[in-house]
Structures are given as C-alpha cells and as structure tokens.
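# Per-entry structural report
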Amino acid sequence: MMTYQAAASEAGAFINHEEILSTLDYVRTHKNDPALIEQIITKAAEQKGLTHREAALLLECDDPVLIQRIFDLAIAIKQRLYGNRIVMFAPLYLSNYCVNSCVYCPFHVKNKTIPRKKLTQEEIKNEVIALQDMGHKRLALEAGEDPIHSPLEYILESIKTIYSIKHKNGAIRRVNVNIAATTVEEYRQLKEAGIGTYILFQETYHKETYERLHPRGPKSNYAYHTEAMDRAMEAGIDDVGLGVLFGLNTYLYDFIGLLMHAEHLEAKFGVGPHTISVPRICPADDIEADNFDAIPDSIFERIVAVIRIAVPYTGMIISTRESQRSREKVLKLGVSQFSGGSRTNVGGYTQSEKEQAHDESVQFDISDKRTLDEIVGWLLELGHVPSFCTACYREGRTGDRFMSLVKSGQIANCCGPNALMTLMEYLEDYASEETREKGFKQIEKEAELIPNPKIKEITLRNLKAIREGKRDFRF
Ligand code: SF4
C-alpha cells in the first residue's frame, strides 16, 4: 500500500482516503489503550501539536478519567497561549445569489422561495455604519458564488467601500473574506485589496459525500475546492481559515481530514491555518437539520478540546449558530474568536427587529441572539477580555510572523495589552453603563498581570484617563 507521505506528495492527494480509513482502523484498535493515550497527552502538553492519528485517538478515547485530562489540558493550553482574550467579529452578508446546489444551504440555486438580494455599495455603507455603531472592527464577508451577481470585481469594490467608511470613532480594520474557491490570480487581487484571513469551509472531506451534497455548480469539483487554500497561499494570502460543517458526514472522518489539511499547509508553506471554524449543521429555510447526522454537545466539546491541543497555535472560531450555553462551554476549551450581534441575511444590520424576525432569507438560524453589548458584558462576567484588536494584521504580522509571536510566549506583553486597549475604546465609545463598569474592573485586574512593568504602567495610565473622560489615545 502506498504510504501517506508518498500519496501526499501527489497533486491534490493530501486528503488521502486510504490514510483516513487506516487512521479509523488504528483508532478502533487503540482507543482503549490507556498507556498510549497517556503518552499522547504527555506529548500534547509540550504544545508542539499532534498528528492527525494521535488527535483522532484522543477524540475517541472513552475513559472518563482520560477524557477529563484532555479537557484540563485544552483549558490549560488555551489559557497559556491566548490568555483571557476573545477576538470579536461579525459576518457581513453581501449577496445570497448562488449558482451552486449545496443541499444543506438555503442559498442553493434551486431554492425558489428565498428572496434574493445583493447589496449596493450604498447599502454596504449603511450596513457597515450599523456594524461600526455596535463597536465592531473586524468583519467576515460572506457571499454566494455567482459570476453574474457577485463577480470578484464586486467583492473587491465592496472591500474598498468597507475600509473607506469612518463613522464617528468607528472603522473596520480587518476584513476577512469567505467566498468561493477561485484562481491564484483572483486570490492575488484579494490579497492586494488588503483582506485579512481567507476563509473557506471544506464542508466535508469525504469525497463521495461531498459530491452527493454538491450535485451541481462549480463547487461540485472536490479537487478544485480542496486545493483552494494552496492557491490562496501561492497567491500570497498567508492567513487562511479552514472548517468543516459537522453533521454532513461522520464527524471523525472530517476531523481527521481537517487535521490532515492543516498538516499539509504546514508542510508545504511552513505555516498552518490561521483559524479553524467549527460550525455544526442547523436548521434554515428549505433545510431540515434532522436529515443530517448532527453531533451532540458532548462530542462537539471534545472536538474543540482536541483541536485546541492538536494545533495549539491555530485560532478557533465559533458562530452564533451555537447557543449561549454551548458557546460558554467551548470558550474555555479552546475557542478564541467569537461573533456577536450577527445577522445571517443580506441587509440584516439595517433591518428593524420586526423586519428581521420576518425575514426568511437567513443562511442559518441564529441561536445566540444577544446584542454585541450583551455578549461583551457576559464575556466580562465570565472573566474574558473581549478584544477588538487588529494590530498584527495592520503591522504585517500575519502567517508565520504571527505564529512566531504566539510561539515565543509574547502574547502576554503584546496581544494581551493590545486587547485591553481596544476594549477600553469599545467601552468608552459603544458600551452600556453596566458593561462599561464590568469592563473597567476586568481591565484593572488583567493589567496587573502584564509581566512587562512599562507596558503595565501605560495600560493602567490609559485606563485612568478613560475613567476620567480624558482619553488621549486612539488605538
Ligand atoms: S454554501 Fe455557499 S456555495 Fe453552497 S449554496 Fe450556500 S452560498 Fe452557495
């Protein structure tokens, strides 16, 4: 049999079905081998990551004591590498026209009941102002694939519009982009437009299932979709975001595929994915989640924990698909980016609550419906630091440069204080009185933990100035 390494060197073969089957077999044979699992947990504690085989074994181990040790390790690694910071963002839907036929998405081409809409540049401006007025600084652009309604030129123009809007103290400082797989040339243009992370979910790594779930349209080409990140990185985009939609296929197969994809990027480009998203299938117009193999919370939490320890330096994203309860649990276990106040329809941020409630064009139902202020206040109560920082991106610390920062352990002197400064700005510009008070207390506590005395002194001085209404900085 061809070895995994040999197969992976062939174009497009890095998701090697045979290797996944062999890993599944390995997991079945060894999942009750406590000595081996202990050994893997010890290795994981060194924070150098795990192979897909090792990670899969941890995910499937069913000894409650060992499971608890895996959770404890994930919590410890999360704390050590990311501290209490949680990066905040919101999705912005530009267009729901789509020529694809993904059977789990209400934007699919055959859905005739959903109202189709594409934002004009003026409408984008209004949406962005609404997002800035909430306090957002970081967006994830979303658009269906449609060469007529939303060609790359439209996406590029929209990015330019978004970056150009400065409303009151607001500004969108990082635009991440989640659009269909495209060519190296088009990725180059996205890079030149100043995008942050390019995000593309694989949906499922199981080729046969993928082809069944994507019967028509450009996205039906499994190899072209799977190799998209290679083209994006070739084009110079060094922050890429992976993800699968858990529930489309057996979770273990996709979990293994996801880690193989991360290993492939690391081996080929010297840097793994910037983020991994962990969405689960949920209901929407024309979509019955019951028709899929939705995973229970207990498995979901273990997936998050094992991803955290298998790829410790990769950020993890959770969306408002998840309930408050589920989000709270996985935050501790490893999630580092969090959306808030999200709308998953086109034009949602400028709608009234009533219009929003009657809009049937959402891509998925939102489970966590709280406002950004409510979410920020809640995160603060839990001891987290909601961060609106985009400094790394603005200073060119992307890809391996960002990874070196995390690996050097300088997060506490760099990202931590930056997060506090951006939280101060948020509290002053956008927060309710209640959230503001919680925030100031949390910043005070966190500032005391900053190792570098000079940075600690500056942070406390800025906090004092803000409290006294004498802010003299703009981050
Ligand atoms: S998942 Fe994306 S590509 Fe598929 S139908 Fe929905 S919008 Fe279109």
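Figured I'd write up the structure that's included with this text. (Residues numbered from 1 in each chain as written. Predicted model: local features only at pLDDT ≥ 70, side-chain atom pairs only at ≥ 80, totals over all residues. Heavy atoms only, no water.)

## Things to note about the overall build of the protein chain
To keep it simple, the criterion reads: For helices the rule is a DSSP run of H or I covering at least 4 residues; for strands it is a run of E covering at least 2, with both sets numbered from the N terminus onward. Atoms counted for the radius of gyration: C-alpha only. Globule rule: 2.2 Å times the number of residues to the power 0.38. The buried label goes to any residue with under 20% of its type's maximum accessible area, the exposed label to any with over 50%, and the partly exposed label to all in between, with areas taken from a 1.4 Å probe on protein chains only. Every residue pair with non-hydrogen atoms within 4.5 Å of one another is taken to be in contact. All accessible-area figures derive from a Shrake-Rupley calculation using a 1.4 Å probe, and residue coverage is judged against the displayed protein chains alone. Charge assignment: positive for Lys and Arg, negative for Asp and Glu; neither His nor the chain ends contribute. In plain terms, the charge of a residue is placed at NZ if it is Lys, CZ if Arg, CG if Asp and CD if Glu.
Counting secondary structure elements, the protein chain contains 21 helices and 9 strands. Taken against the 2.2 N^0.38 rule, which gives 23 Å for 475 residues, the C-alpha radius of gyration of the protein chain at 22 Å falls within 12% of a compact globule. Counting only C-alpha atoms and orienting by the principal axes, one finds that the protein chain spans roughly 70 × 55 × 40 Å. Evaluated residue by residue, the protein chain yields a buried proportion of 62% over its 475 residues. Excluding contacts between residues fewer than 6 apart, the proportion of contacts in the protein chain whose partners are at least 24 apart in sequence is 74%. As displayed, the protein chain offers around 19100 Å² of accessible surface, 52% of which is attributable to carbon and sulfur atoms. Averaging the locations of the 58 positively and 67 negatively charged side chains of the protein chain gives two centres separated by 5 Å.

## Section: the packing of helix 16 (residues 372-381) against helix 20 (residues 433-448)
Filter applied, for reference: Axes here refer to lines fitted to C-alpha atoms; in helices the fit is confined to the stretch in contact. Angles between the N-to-C directions go from 0 to 180 degrees. The hand of a helix crossing depends on one turn: near helix anticlockwise from the far one by less than a right angle means left-handed, and clockwise means right-handed. Three residue categories are used. Nonpolar comprises Ala, Val, Leu, Ile, Met, Phe, Trp, Tyr, Cys and Pro, charged comprises Asp, Glu, Lys and Arg, and polar comprises the others, including Gly.
The N-to-C vectors of helix 16 and helix 20 enclose an angle of 35 degrees; their axes lie 9 Å apart at closest approach. As for how helix 16 packs across helix 20, the hand of that crossing is left-handed. In contact with Asp-373, Val-376, Gly-377, Leu-380 and Glu-381 of helix 16, helix 20 contributes Thr-435, Lys-438, Gly-439 and Gln-442. Counted by class, the contact of helix 16 with helix 20 contains 2 nonpolar, 4 polar and 3 charged residues.

## Comments concerning the pattern of salt bridges
As a reminder, the rule being used: For this document, the term salt bridge refers to a Lys or Arg side-chain nitrogen within 4 Å of an Asp or Glu carboxyl oxygen.
One pass over the structure, following the stated rule, counts 26 salt bridges. Across the pair Arg-280 and Glu-322 runs a salt bridge, and its minimum N-O distance is 2.6 Å. Pair noted here: Arg-280 is in the loop between strand 6 (275-277) and helix 13 (297-310) and Glu-322 is in the loop between strand 7 (315-318) and helix 14 (324-333), with a separation of 42 residues, a long-range link. On the accessibility criterion, Arg-280 (10% relative accessible area) is buried. Exposure remark for Glu-322: the relative accessible area of 5% places this residue in the buried category. Between Arg-370 and Asp-368 there is a salt bridge, with its nearest N and O atoms 2.7 Å apart. Of the two residues examined, Arg-370 and Asp-368, each falls in the buried class. Among the charged side chains, a salt-bridge network with shared partners connects Arg-280, Asp-297, Glu-301, Glu-322, Arg-325 and Lys-329.

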